Protein chains: 2
Amino acid sequence: MSAPIAPFPQVDHQRTLFADGMALDCGAVIRPMAVAWRGYGTLNAAKSNAILVCHALTGDQYVAEDHPVTGRPGWWANIIGPGRPLDTERYYILCANVLGGCMGSTGPREERTDEAGRGLGEPWGTDFPPVTIRDMVRAQRRLMDHLGIRRLLAVIGGSMGGMQVLEWAATFPEMVFGAAPIATAAYHSAQNIAFHEVGRAAIHSDPDWKGGRYWEDGRVPAQGLSVARMVAHITYLSEQALTRKFGRRLRGASALTFLEDVFEVESYLRHQGSTFVRRFDANSYLTITRAMDYFDMAEEHGGDLSAAFRGTRTRFFVASFSSDWLFPTADSRALVRALNAAAANVSFVEFQSDKGHDAFLLEEPEFHRALGGFLAGCADRLGV
Amino acid sequence: MSAPIAPFPQVDHQRTLFADGMALDCGAVIRPMAVAWRGYGTLNAAKSNAILVCHALTGDQYVAEDHPVTGRPGWWANIIGPGRPLDTERYYILCANVLGGCMGSTGPREERTDEAGRGLGEPWGTDFPPVTIRDMVRAQRRLMDHLGIRRLLAVIGGSMGGMQVLEWAATFPEMVFGAAPIATAAYHSAQNIAFHEVGRAAIHSDPDWKGGRYWEDGRVPAQGLSVARMVAHITYLSEQALTRKFGRRLRGASALTFLEDVFEVESYLRHQGSTFVRRFDANSYLTITRAMDYFDMAEEHGGDLSAAFRGTRTRFFVASFSSDWLFPTADSRALVRALNAAAANVSFVEFQSDKGHDAFLLEEPEFHRALGGFLAGCADRLGV
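Since we're looking at a predicted model, the values are computed, not measured.

Let us look at the overall build of chain A. Of regular secondary structure, chain A possesses 10 helices and 12 strands. At 21 Å, chain A has a C-alpha radius of gyration in line with the 21 Å of a compact globule built from 384 residues. If one aligns the C-alpha atoms of chain A with their principal axes, the spans along those axes are about 65 × 50 × 40 Å. Within chain A, contacts between residues separated by at least 24 positions form 70% of all contacts whose residues are at least 6 apart in sequence.

A separate point is the relation of the copies chain A and chain B. The two copies are related by a screw motion: chain A maps onto chain B through a turn of 180° and a shift of 0.0 Å along the axis, at an RMSD of 0.0 Å. On the angle and the small slide along the axis, the relation comes out as a two-fold axis. Interface residue correspondence from chain A to chain B reaches 100%, placing this contact among same-surface, isologous pairings.

Right, let's get into the interface of chain A and chain B. Contact with chain A, which involves 41 residues of that partner, is made by 41 residues of chain B. Counting only elements with at least two residues in the side of chain A that touches chain B, the list comes to α3 (190-204), α4 (222-236), α5 (239-245), α6 (264-276) and α7 (282-294) of chain A. For the side of chain A that touches chain B, the leading source of residues is α3 of chain A, giving 9 residues. Its residues assigned to classes, the side of chain A that touches chain B comprises 22 nonpolar, 9 polar and 10 charged.

Residues and elements named next belong to chain B. Assignment of secondary structure puts methionine 22 in strand β2 (residues 22-23). You can call methionine 22 partly exposed: it has 19 C-beta atoms within 10 Å. The spacing of methionine 22 and valine 231 is 209 residues in sequence and 34 Å in space, taken between C-alpha atoms. When sequence neighbours within four positions are dropped, the list of residues in contact with methionine 22 reads Val29, Ile30, Met33, Arg138, Ala139 and Arg142.

A separate point is the sheet that holds strand β5 (residues 50-54) of chain A. Residue and element names in this part refer to chain A. The sheet built from 8 strands is open, its strands ordered β1-β4-β6-β5-β9-β10-β11-β12 with mixed pairing. Strands at the two margins of the open sheet, each flanked by one partner only, are β1 (15-18) and β12 (345-351). Pairwise comparison of adjacent strand axes, ignoring direction, gives a mean angle of 20° for this sheet. Relative to the sheet, helix α2 (residues 160-171) contacts β5, β9 (152-158) and β10 (176-182), its axis offset from that of β10 by approximately 150°. Packing against the sheet, helix α10 (residues 365-382) makes contact with β5, β9, β10, β11 (315-321) and β12, and its axis sits at approximately 170° to β10.

Time to look at the sheet that holds strand β10 (residues 176-182) of chain B. Residue and element names in this part refer to chain B. Strands sit in the order β1-β4-β6-β5-β9-β10-β11-β12 across an open sheet of 8 strands; the sheet is mixed. What marks the edges here is a single partner per strand, and that holds for β1 (15-18) and β12 (345-351). Neighbour-to-neighbour, the strand axes of this sheet turn through a mean angle of 20°, independent of strand direction. Two strands pair when backbone bridges link them, and strand β5 (residues 50-54) and strand β9 (residues 152-158) are joined in this way by 4 bridges, in the parallel orientation. Directly across from cysteine 54, in β9, lies its bridge partner glycine 157. In the packing of helix α1 (residues 133-147) onto the sheet, contacts are made with β1, β4 (33-40), β5, β6 (92-96) and β9, and the angle to β4 comes to roughly 65°.

Right, let's talk about the domain arrangement of chain A for a bit. Residues and elements named next belong to chain A. Taken as a whole, chain A is organised into domain 1 (15-188 + 301-382) and domain 2 (192-290). The gap between the C-alpha centroids of domain 1 and domain 2 is 25 Å. Every contact between the two is made by 26 residues of domain 1 and, on the other side, 20 residues of domain 2. Grouping the constituent residues of the side of domain 1 that touches domain 2 by class yields 11 nonpolar, 11 polar and 4 charged.

Below, the discussion takes up the pairing of β11 of chain A. Residue and element names in this part refer to chain A. Burial analysis of β11 places 7 of its 7 residues in the buried class, the great majority of the element. Pairing analysis gives 7 bridges linking β11 to β12, with the strands arranged parallel. Counterpart to phenylalanine 317 in the pairing with β12 is serine 347. For the segment spanning β11, helix α9 (residues 329-341) and β12, crossover handedness is right-handed.

Between its first and last C-alpha atoms helix α3 (residues 190-204) of chain B spans 20 Å; for 15 residues at 1.5 Å apiece the expected length is 21 Å, and the two agree. Most of α3 of chain B sits inside the fold, with 15 of its 15 residues counted as buried.

On to the environment of phenylalanine 317 of chain A. Residue and element names in this part refer to chain A. Among the secondary structure elements, phenylalanine 317 is positioned in strand β11. Placed 249 residues apart in sequence, phenylalanine 317 and proline 68 show a C-alpha to C-alpha distance of 32 Å. Setting aside its immediate chain neighbours within four residues, phenylalanine 317 contacts Gly178, Ala180, Ser347, Leu371 and Phe374.

This part covers the packing of α4 of chain A against α3 of chain B. Running from amino to carboxyl end, α4 of chain A crosses α3 of chain B at an angle of 170°, the nearest separation of the two axes being 9 Å. Relative to α3 of chain B, the element α4 of chain A is oriented roughly antiparallel. Along its contact with α4 of chain A, which presents Val227, Met230, Val231 and Ile234 of chain A, the element α3 of chain B presents Gln191, Ala194, Phe195, Val198, Ala201 and Ala202 of chain B. Here the residues of the contact of α4 of chain A with α3 of chain B are counted per class, giving 9 nonpolar, 1 polar and no charged.

Turning our eyes to something else, we now look at the confidence of the model for chain A. In low-pLDDT regions, the fine details of the predicted coordinates are not to be read closely. On average, residues of chain A score 93 in pLDDT, and 95% of them are at 70 or above. Scored as a whole, the predicted complex attains pTM 0.93, and scored at its interfaces, ipTM 0.91.

Next up on the list: the packing of α6 of chain A against α3 of chain B. For the pair α6 of chain A and α3 of chain B, the least separation of the axes is 9 Å and the interaxial angle reads 50°. By the angle between their axes, α6 of chain A is oblique relative to α3 of chain B. Regarding α6 of chain A and α3 of chain B, the two cross each other, and that crossing is right-handed. Between α6 of chain A and α3 of chain B, the contacting residues are Val265, Glu266, Leu269 and Arg270 of chain A on the first element and Ala190, Ile193, Ala194, Glu197 and Ala201 of chain B on the second. Partitioned by chemical class, the residues of the contact of α6 of chain A with α3 of chain B number 6 nonpolar, no polar and 3 charged.

What follows is about the environment of serine 189 of chain B. With respect to the secondary-structure elements, serine 189 of chain B resides in the loop between β10 and α3. Serine 189 of chain B has contacts with Glu239 and Thr243 of chain A, leaving out every residue within four places of it along the chain.

Here the focus is unusual backbone geometry. Residues arginine 31 of chain A and proline 32 of chain A are joined by a peptide bond in cis, for which omega reads -5°. Considering the arrangement of structural elements, one finds proline 32 of chain A in the loop between β3 (29-30) and β4 (33-40). Phi angles above zero are rare outside glycine, and alanine 183 of chain A is one such case at about 50°. By the element assignment, alanine 183 of chain A lies in the loop between β10 and α3. For alanine 183 of chain A, a count of 31 C-beta atoms within 10 Å puts it in the buried group. A positive phi angle, near 60°, is found at serine 159 of chain B, a position not held by glycine. Tracing the backbone through its elements, the reader meets serine 159 of chain B in the loop between β9 and α2 (160-171).

Glancing now at α2 of chain A. Residue and element names in this part refer to chain A. Along its 12 residues, α2 runs 16 Å from first to last C-alpha, staying within 8% of the 16 Å computed at 1.5 Å per residue. Within α2, 11 of the 12 residues are buried, which leaves it mostly tucked inside the rest of the structure. The complete set of buried residues in α2 reads Met160, Gly161, Gly162, Met163, Gln164, Val165, Leu166, Glu167, Trp168, Ala169 and Ala170. Where α2 is buried, its residues touch β5, α1 (133-147), β9, β10, α7 and α8 (297-300).

Criteria and thresholds
Residues numbered from 1 in each chain as written. Chains lettered and ligands numbered in written order. Predicted model: local features only at pLDDT ≥ 70, side-chain atom pairs only at ≥ 80, totals over all residues. Helix = DSSP H or I, 4+ residues; strand = E, 2+ residues; numbered from the N terminus. Rg over C-alpha atoms; globule rule 2.2 N^0.38 Å. Contact = placed C-beta atoms within 7 Å. Least-squares fit on C-alpha atoms with pLDDT ≥ 70 in both. Nonpolar A, V, L, I, M, F, W, Y, C, P; charged D, E, K, R; others polar. Buried ≥ 20, exposed ≤ 12 C-beta atoms within 10 Å, placed from the backbone. Pairing = 2+ DSSP bridges. Axes fitted to C-alpha atoms, helices over the stretch in contact; angles between N-to-C directions. Domains from an automatic or database assignment. Right-handed = clockwise from strand over helix to strand, strands pointing away. Expected span 1.5 Å × (residues − 1). Parallel < 35°, antiparallel > 145°, perpendicular 65-115°, else oblique. pLDDT = per-residue confidence, 0-100. Left-handed = near helix turned anticlockwise from the far one by under 90°.

Set out below in structure tokens:
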């Protein structure tokens with residue numbers, strides 16, 4: 001066993017505080033509400049060159065710089081920077097930690113407040129109200145208002161980030177010139193809910209979770225959160241990617257032994273699990289997976305997904321990856337059909353890749369070229 | 001929480017004891033070795049009408065009768081009986097609990113013995129030696145010798161049962177007239193190993209597991225084993241089956257709440273997990289999943305799968321199901337190619353089903369007709 005992990009690592013995140021708070025879909029009011037965020041590049045005088053990046057379940061706002069907790073490069077650093085698809089010489093790239101997250105935005109790890117906004121001296125924990133994808137988007141909208149950005153050149157994101165893109169386009173259509181929902185779907189499937197539930201069950205069954213009040217003992221439910229990460233990680237990869245990376249290769253000796261970690265793939269998964277718990281909060285994981293599970297845009301619009309986009313003037317760039325079985329191409333096609341039924345301006349590409357769901361984060365030159373082209377097209381149109 | 005679960009429920013299984021024991025692939029000798037088994041129908045005078053059914057990971061020998069622990073119908077009762085595909089008026093159906101199992105055959109739950117076969121007064125637990133699929137088959141072979149059965153009319157099984165079928169055909173070809181490997185593969189894939197590893201990690205991280213010595217406290221690692229079962233169960237179903245069964249239906253109220261078990265699929269999975277721990281031993285689960293993970297018939301034969309079947313006179317019936325993503329049709333096709341390369345007598349059918357891997361256990365009339373036809377053909381040929 002390694003050294004104990006502090007439940008609440010002290011990191012000085014850049015945050016904007018909204019003292020009046022915000023009402024959530026569930027009816028609760030979060031007051032005050034903090035939104036932690038990062039920006040890359042320069043916002044132009046007309047404030048017309050902002051691109052909002054929405055992060056996925058376990059991502060955060062450190063999208064294009066070294067992470068303050070892990071020290072590792074930003075999760076989309078490969079496409080953000082001068083001359084890259086998200087060109088910081090031309091665009092101002094913004095990313096906010098989602099509401100319910102654990103990197104500085106208000107969430108289960110932050111101090112609980114009462115309705116008047118007074119601090120109660122302990123973290124929210126599992127008393128943090130349920131948030132929806134739409135709540136996350138409303139919080140980002142508050143940040144845009146604060147920054148004086150009235151229209152985003154584009155909103156882009158993969159996986160849960162793509163869900164936020166769709167909510168942005170449906171909820172604040174006049175603010176979204178271009179929308180790029182990537183490797184995502186307009187609802188979370190029964191299988192995806194089931195995989196999330198396994199992760200939650202693993203966290204709940206860890207005695208160190210203590211009903212969510214793990215901070216009281218200065219511990220975290222590392223084992224449960226690690227197992228949750230392991231199962232999720234499998235769903236992010238394809239069978240081909242796993243086989244190419246590890247195959248059935250044994251670790252070290254080839255002798256027949258049933259000790260732990262005999263296959264390389266096991267060692268890799270355990271490593272993934274154990275590093276994850278150092279940067280992510282278990283209660284946040286519970287909160288955000290629930291938000292994904294609840295996401296169903298058709299249901300929000302009377303069962304008709306196209307109604308969510310009726311009359312939209314947003315340009316859509318829908319992208320999927322051929323080996324993604326978590327958000328398969330069929331989900332993107334269903335979304336495209338609904339957008340077409342709403343007479344939206346939409347282009348759709350399925351990129352050939354054997355890297356599974358994770359492809360949207362990896363080196364996929366064709367995808368990067370297409371995404372860069374879409375953004376440049378939006379910028380040209382806006383005269384940016 | 002429910003009442004504690006006894007680690008070793010007392011059930012009087014029908015067993016055959018081999019006092020001289022058996023050497024395993026790992027070099028260890030299990031002495032004595034018990035094989036628990038059940039038979040249905042009547043062995044004819046020529047002992048030529050026996051069909052051996054090999055069970056899957058969490059199956060057992062109670063294939064066609066109510067289970068002595070759970071009281072539920074046998075796992076293949078739907079195809080075994082008078083007039084059914086496995087017609088007990090014509091065939092004698094045998095099934096043995098696998099070596100390493102927990103329904104009476106020697107395994108981690110049984111009393112540990114020394115090399116001389118003396119009981120050591122405590123269970124094997126994690127000191128039970130690693131077993132392979134071939135070890136399981138060798139133990140079954142001992143049972144056939146004991147029963148005086150020199151040739152099996154057929155050996156059949158799905159999933160890990162199918163792995164045993166392949167080992168039977170490769171290791172004792174003269175004893176296998178017909179072989180039906182169903183919904184299986186000649187090796188365990190990296191993705192399948194990864195899913196098993198998540199289950200093992202969940203068991204290992206349960207403090208009630210106590211390094212495998214849970215019997216000392218009269219407890220079982222119920223939470224960990226339950227999570228292991230939950231993740232495995234998802235892999236047994238198809239996305240379509242999950243959607244048809246549960247979709248995104250909420251359980252009870254439709255109010256936005258993040259309490260546990262809000263979706264029906266979650267409630268179902270938790271139920272699957274909690275009932276499983278009442279009948280299955282955690283150390284057995286670790287032992288048997290390892291045996292599956294190690295299974296790689298090509299590697300056992302110098303990297304050439306067809307070499308495993310060179311010169312075989314066994315008739316093969318290979319079956320897969322279109323929505324099975326745990327053992328996809330591609331795996332069966334690879335097996336069929338190897339059998340063809342060995343000039344074997346093989347027929348192959350992919351059955352259209354949306355029930356996933358579990359289809360081999362469910363009502364699939366076309367599959368049942370084809371399997372029944374294959375067995376009847378073998379019997380006709382043998383004059384049974």
